[in-house]
Amino acid sequence: MTSSPTAALSEAGVSIWLDDLSRERIASGGLARLIAERDVVGVTTNPTIFAGALAKGDGYAEQLHTLAAAGADVDTAVFEITTDDVRAAADVFRPVYDRSNGFDGRVSIEVSPGLARDTAGTIAEAKSLWAKVDRPNAMIKIPATAEGLDAITEAIGSGISVNVTLIFSLDRYREVIAAYLAGLEQAKAAGIDLSTIHSVASFFVSRVDTEIDKRLVAIGTDEAVALKSKAGLANARLAYELFEQEFGGERAAALLASGANRQRPLWASTGVKDPALPDTLYVTELVAQGVVNTMPEKTLEATFDHGVITGDTVTGVYVQAGEVLDALARVGVDYDDVTLLLENEGVDKFIVSWNELLDTVRGALEAAR
């Protein structure tokens, strides 16, 4: 008998990753407890998470003092602190990584968001982060901007495992898969063992509903309002259909035959923003074999407490998902405009968080000096 909803979710083929990390969580044993008690098999970080951890965590005081004494500038300090946390978390997850043949036990760290429009800068920082963390179960997060696509290919081609982040549209997701396959082809040509390269494609969910629902309310017709809170799930389900199609094609088949791994879809932004919705909506309604769901702790606990896992809620409903997007177009919601706006906003929000992180560390360095 299944002991908990999170165990049932894992058995249904969903890898549960936590969308949070702090030094306190690692040092207190809290992270290890989530692995043991909540079926958590990975962690994702981003600039907002690090900014929050540093702003309220005194676990960084000693390192900040050491860095200040060494005369480190703020960029160096942030690089040292964040890579130390990711390395320590990767060590906590190492048994999961070994047990899952490298699919899980992953800890993601993001390139500086200010590089989102800078291909060369992203490539350089991805390589630098990969070398600094120096753990096979790390993943480097690269945003799925137009400029990020070539950086994804280059990183994968160099043997770096990549978490592609900030994907909102199906067209961009198709480009991300192509960038991954191109990277694998480069790695193969370079003689790199393809089985050692892993990747996830982070497809954002709740932010799509937040933006589209705002537009539906503004349109105000009965037909428009009836579509509220349906776009995020429909978009993600069609992304999974695209995943099946692209990795079932000839180009992917040749690489898979050479030992390559599929780039798994990852559901990101799965915390519910609208309090009128069930708090486990973006978990229970996106169950499919071989996906990752990265959850904030609140969503993880809600799922553990009362999530109802009924098996696959994705593959049988592609037609209905397509109908939702068609209906949105009919009432006047411009899908391309929404997804481009969300991508730009996503980059901008992370830049704001990154600047907050730099300010926090700058202040702490000055205080330590």
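Up top is the structure.
Okay, so let's go over this structure. Fair warning: this is a prediction, and the values are worked out from it, not measured in the lab. (Residues numbered from 1 in each chain as written. Predicted model: local features only at pLDDT ≥ 70, side-chain atom pairs only at ≥ 80, totals over all residues. Heavy atoms only, no water.)

## Focus on the packing of aromatic side chains
Operational definition: Here is the rule: rings of Phe, Tyr and Trp (six-membered ring for Trp) pair when centre to centre is within 6.5 Å. Planes less than 30 degrees apart are stacked, more than 60 are edge-to-face, and the remainder are tilted. Secondary structure elements follow DSSP: runs of H or I no shorter than four residues count as helices, runs of E no shorter than two count as strands, and numbering proceeds from the N terminus. Remark: exposure states derive from per-residue accessible area (1.4 Å probe, protein chains only) relative to the maximum for the residue type, with buried under 20%, exposed over 50%, and partly exposed in between.
In this structure the tally under the stated criterion is five aromatic pairs. A centroid spacing of 5.3 Å and a plane angle of 45 degrees characterise the contact between Y240 and F243, whose relative ring orientation is tilted. With Y240 and F243 both in helix α13 (residues 231-246) and three residues apart, this pair spans about one turn of that helix. Comparing Y240 with F243, the two get one shared label, buried.

## Details of helix α6 (residues 74-92)
Under the convention used in this document: How far a helix is expected to stretch is found by multiplying one less than its residue total by 1.5 Å.
Taking 1.5 Å of rise per residue, 19 residues should cover 27 Å, and α6 covers 27 Å from first to last C-alpha, within 8% of that figure. Among the residues of α6, those classed as buried are V74, A77, V78, I81, T82, T83, D85, V86, R87, A89 and A90.

## Details of the sheet that holds strand β1 (residues 14-18)
The cut-off we apply is this: The pairing criterion is simple: DSSP has to find at least two bridges between the two strands. Fitting a line to C-alpha atoms yields each axis, with helices limited to the stretch in contact; the angle taken between N-to-C directions then spans 0 to 180 degrees. The contact definition used throughout considers only heavy atoms, calling two residues in contact when any of these lie within 4.5 Å.
Taken in spatial order, the eight strands line up as β1-β2-β3-β4-β5-β6-β7-β8 and close into a barrel, and their pairing is parallel. Each adjacent strand pair in this sheet contributes to an overall mean axis angle of 30 degrees, direction not counted. Pairing of strand β7 (residues 264-268) with strand β8 (residues 291-295), which is carried by two bridges, proceeds in the parallel orientation. Bridging across to β8, W267 finds its partner in N293. Strand contacts of helix α3 (residues 30-38): β1 and β2 (40-44), with the helix running at about 140 degrees to β2, the strand carrying the most contacts.

## Overview of the side chain of R23
Quick note on the threshold: Pairs of N or O atoms are called polar contacts if they sit within 3.5 Å, as long as, within protein, a hydrogen donor faces a hydrogen acceptor (for residues adjacent in sequence, only side-chain-to-side-chain pairs).
Within the secondary structure layout, R23 lies in helix α2 (residues 23-27). Reaching out from R23, the side chain makes a polar contact with the side chain of D85 at a distance of 2.7 Å. In contact with R23, other than residues within four places in its own chain, are G59, Y60, Q63, I81, D84 and D85.

## Overview of the pairing of β2
Of all the five residues making up β2, five are buried; the element is thus mostly covered by neighbouring parts of the structure. Of the pairings in the sheet, the one linking β1 to β2 comprises three bridges and is parallel in character. Bridge assignment links I16 to a residue of β2, and that residue is V40. Here three bridges tie β2 to strand β3 (residues 106-110), and the two strands are oriented parallel to one another. Bridge pairing in β3 places T44 opposite S108.

## Focus: helix α4 (residues 47-56)
For α4, every residue scored as buried is listed here: P47, I49, F50, A51, A53 and L54. A side-chain oxygen of the first residue of α4 lies 2.9 Å from the backbone nitrogen of T48; this N-cap is N46.

## Quick notes on the pattern of salt bridges
When charged atoms on two side chains of opposite charge get close, those side chains can pair. Put simply, the rule is: One speaks of a salt bridge when a side-chain nitrogen belonging to Lys or Arg is within 4 Å of a carboxyl oxygen belonging to Asp or Glu.
According to the stated counting rule, one finds 22 salt bridges in the structure shown. In this structure, E185 and R251 form a salt bridge, with 2.8 Å as the shortest nitrogen-oxygen distance. Linking E185 in helix α10 (residues 170-189) with R251 in helix α14 (residues 250-257), this pair joins segments that are 66 residues apart in sequence. Taking the relative accessible area as the measure of exposure, R251 reaches 37% and is therefore partly exposed. A salt bridge links R215 to E211; the shortest N-O distance between them is 2.8 Å. Here R215 pairs with E211, and both are found in helix α11 (residues 206-219), just four residues apart, close to one helical turn.

## Digging into the layout of surface pockets
How we decide: Cavities and pockets are defined on a 1 Å grid built over the protein atoms alone: a cavity is a set of grid points where a 1.4 Å probe fits but cannot escape, while a pocket is an open set with protein on both sides within 12 Å along at least five of seven lines, and lining residues are those with an atom within 4 Å of any such point. Grid points are joined across faces, edges and corners, and a volume is the space filled by probe spheres set on the points.
When its volume is computed, the largest pocket comes out at roughly 340 Å³. What lines the largest pocket is a set of 21 residues, among which D19, N46, F204, R207 and F350 lie closest to the centre. Among the secondary structure elements, those contributing two or more residues to the lining of the largest pocket are α4, β5 (162-167), β6 (199-204), β7 and α18 (335-368).

## Some remarks on the nonpolar core
How we decide: Residues belong to a common nonpolar core when they are buried Ala, Val, Leu, Ile, Met, Phe, Trp, Tyr or Cys residues joined through side-chain atoms within 4.5 Å.
Grouped together as the largest cluster of nonpolar side chains are 124 residues, with contacts concentrated most on Y173, L184, L328 and V361. When sequence neighbours within four positions are dropped, the list of residues in contact with Y173 reads I167, A201, F203, A239, L242, F243 and P265.

## Let's talk about the pairing of β5
We apply this condition: Whether a crossover is right-handed depends on one test, that the path from the first strand over the helix to the second runs clockwise when the strands point away from the viewer.
Burial analysis of β5 places six of its six residues in the buried class, the great majority of the element. Across four bridges, the pairing between strand β4 (residues 138-143) and β5 is parallel. Within β5, the residue paired with I140 across the bridge is V162. You can see the chain leave β4, run along helix α9 (residues 146-157) and come back into β5, and the turn it takes is right-handed.

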